[in-house]
Each structure stands twice: as C-alpha cells, then as structure tokens.
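Take a look at the letters that make up each chain.
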Amino acid sequence: SNQWMRVGNPMPNVFVIKLAVGTNDTIYALCNSNNVFRCHISGGDWTPISVGLPAVNMNFIAIDSQNRLFVSVSTGKGTIYRSKNNGNTWESCTSDIYTTPFSSIAISSNSKIYTGASGIFKSENGGNNWQDKSNNLDAPRSIYCLKSLRNGALFVGTKVGPWRSDDNGITWQLRNTGISHLNILQITENMIGDIVLHGYNSIPKGAIYRSINQGETWTMVAANGCDLYTKIKQHRADTLWATSRFSGATTLSYSVNHGATWINNPLTISAIWDIDVTKDNTIFVVSENEGVSRSDNG
C-alpha cells in the first residue's frame, strides 16, 4: 500500500529542498528562501533554526555522528556553517577556504568530512580544519557530488562523469565508460558494494546507472522520463529508493534487487527533492508542495 503521512504540525514553508535525520530522532528540513526548521520524528511543531545564517538559499544540510549540523550558502564565496547545538546557533567553519559555493558534502563512516566546490576539501576534525584534496584532479573544477566508499575509495561527480581516487585524493581517474548522462549529481554505494549514481544529459533527462566493478564500467538501470533523479537512498538491506522531479512516470521509484532493476511507485506527490531514513527504517521525503511526508511500511 501507499500510506504516506505529513510530518508534524503545518510547516511555515512547505517547499522543502533538503533534509537530514539525526540519531537524536530529529528531522532537519532545509526550505527555499533560507528557512531551516527542525521537528521530532514523532511530530509536533517545526521550530525555525536560522539564527546566524545569512539570508540566502542553502545548497545542502548534513549531520555527522555527533549530531553536528552543516549547511552551505548557494551564492557568493563558498561558506559552510556549522551548528554544535541542534541548530540553535551557527558559525562559519570554512573561513580559511576561498572557493565557489560548496555544492555537496559527504561524511564517511569514520567521521571524515568531504565537501565539493571548485575543488575537493577534507576535514578530519568535524570542520575545524580543511585540506585541499583536488590538486591532481584533472577535471572541470565544479564538483557536483562526492562519496566516500566503505573500502576507502573516493568518487566525485562532474559534468564529464565520475572520477575515482584510490589514494585519498592524491590521484584521480575518470571512470565514465558506459555513461551517456555525464552530469553526475549523486553517487552512492549499496549494501553489497555496488556503486549507483544518477546523472542527466542536455535533453535534459535523468538516468540511474550501476557499476558492479568499482566504476570500471557502468550499466543504465533506470530512466523513467523525469528530468532529474534527485536522490538515491538505501532503505532495507536489498532495497533502494530514488526520488525525482518533473515529467516522468512518478516521483518515487524503488529497487528490491540492489539497484539492478527499478519499479515505479504510483505516488501522487509533487517534485520530490530529498529522501532519508531513520535507524528503524521509517522513510521521510520532502517535496515542493507537501513539506515533509513519512512512510512506516515502505
């Protein structure tokens, strides 16, 4: 069945672009027009937590294992703001980096943070200090996304496809064999170690690709006519979900075989911009008109 419920009391802003679910059972929602809110996963009021943030839109919101929050501004000099107190106050943690806006962030299982802008930057201490890891990246210096794999390899997405580093960013290799949607917007890893990504081409139309050999070759596994897949997220051990926006057969698709094939979910929700899950497998999605919705039964 398709039972989705709105989360919490009515939101002050229902155009939600990004979300993150913390280990503290709190949902953090990033809306357009510089509105950031939090709410307990069981519901209640949405509390605004934008004090100290500039009045510009943000590109991402992320949370690490210590429940530190990170958001990035979308205009001007690249800046990441960090909150150590559940969003009550914010501070810049990238004042010594001069770059274009940070477009993406990835937090590894051992709490190392990677972020992409006109290069790749890494922090090993929660954002206090950063190292440039892109000196040998022979690629267009706009990093759309990045992923730290469990085996230690790094992937980044650019407008010419994905690049891989096996030595912590010292050297990079372009790995786009089989891909025709070369603008890579997200790279993730499923539970059995396959790499799954989504990209788009100039039509524009989105597609999902999978690699079972660490990116050496790729196979297109889904393209339902949407202009963009916005997020791919692991749910249960063998299940992946993909959100999408505009055109296409649906805004929500899923795979029960590690991403090899995909099924369209007949869901009537507007453009879905992000998806996350809790430790007990509850799914949350954020959309353009409905705010935050949840499903307890997949």
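Before any of the text, the structure's been laid out above.
Sequence order as written defines residue numbering, which begins from 1 separately in each chain. Only residues with pLDDT of at least 70 get local features here, since the model is predicted, and only at 80 or more are side-chain atom pairs given and counted; chain-wide, interface and lining totals rely on the full set of residues. Side-chain metrics rest on all non-hydrogen atoms present in the structure, leaving aside hydrogens and water.

## Structural notes on empty space enclosed by the protein
Next up, step 1: A 1.4 Å probe that fits but cannot get out identifies a cavity on a 1 Å grid over protein atoms alone, an open set with protein on both sides within 12 Å along at least five of seven lines counts as a pocket, and a residue lines either if it has an atom within 4 Å of a point. Grid points are joined across faces, edges and corners, and a volume is the space filled by probe spheres set on the points. The final tally for this structure, using the stated rule, is 1 cavity of 30 Å³ or more.
Next up, step 2: By volume, the largest cavity is sized at about 30 Å³.
Next up, step 3: Strands are runs of DSSP state E lasting at least 2 residues, helices are runs of H or I lasting at least 4, and numbering of each runs from the N terminus. Mapped onto the lining of the largest cavity, the elements with two or more residues apiece are strand S14 (145-148) and strand S15 (154-158).
Next up, step 4: Amino acids outside the nonpolar list (Ala, Val, Leu, Ile, Met, Phe, Trp, Tyr, Cys, Pro) and the charged list (Asp, Glu, Lys, Arg) are all regarded as polar, and Gly is one of them. Counted by class, the lining of the largest cavity contains 7 nonpolar, 1 polar and 1 charged residues.

## Considering the sheet that holds strand S9 (residues 91-92)
Next up, step 1: What the 4 strands build is an open sheet, ordered S6-S7-S8-S9; its pairing is antiparallel. Strands at the two margins of the open sheet, each flanked by one partner only, are strand S6 (58-63) and S9.
Next up, step 2: As defined by bridge partners, strand S8 (residues 80-83) adjoins S9 across 2 bridges and the pair is classed as antiparallel. Residue arginine 82 lies in a different strand from S9, and its bridge partner there is glutamate 91. Note on pairing: two strands pair once DSSP finds at least 2 bridges between them.

## Considering the nonpolar core
Note that soluble globular proteins tend to have their nonpolar side chains buried in a common cluster.
Next up, step 1: As used here, the term nonpolar core means buried Ala, Val, Leu, Ile, Met, Phe, Trp, Tyr and Cys residues forming a set that is joined through side-chain atoms within 4.5 Å. Throughout, exposure labels follow a simple rule: accessible area from a 1.4 Å probe, protein chains only, divided by the maximum for the residue type, with under 20% read as buried, over 50% as exposed, and the rest as partly exposed. With 15 residues, the main nonpolar core has Met11, Val16, Ile27, Trp46, Phe284 and Val292 as its most contacted residues.
Next up, step 2: Of all elements in the fold, only strand S2 (16-21), strand S3 (26-31), strand S4 (35-40) and strand S27 (283-287) reach the threshold of two or more residues within this core.
Next up, step 3: Contacts are assigned to residue pairs with any non-hydrogen atoms lying within 4.5 Å of each other. Look past the residues within four positions of tryptophan 46 in its chain and what remains in contact with it is Val7, Gly8, Asn9, Met11, Pro12, Ile27, Ala29, Phe37, Arg38, Cys39 and Val292.
Next up, step 4: Membership of the second largest hydrophobic core comes to 14 residues, among which are Ala20, Ile61, Leu69 and Val73.

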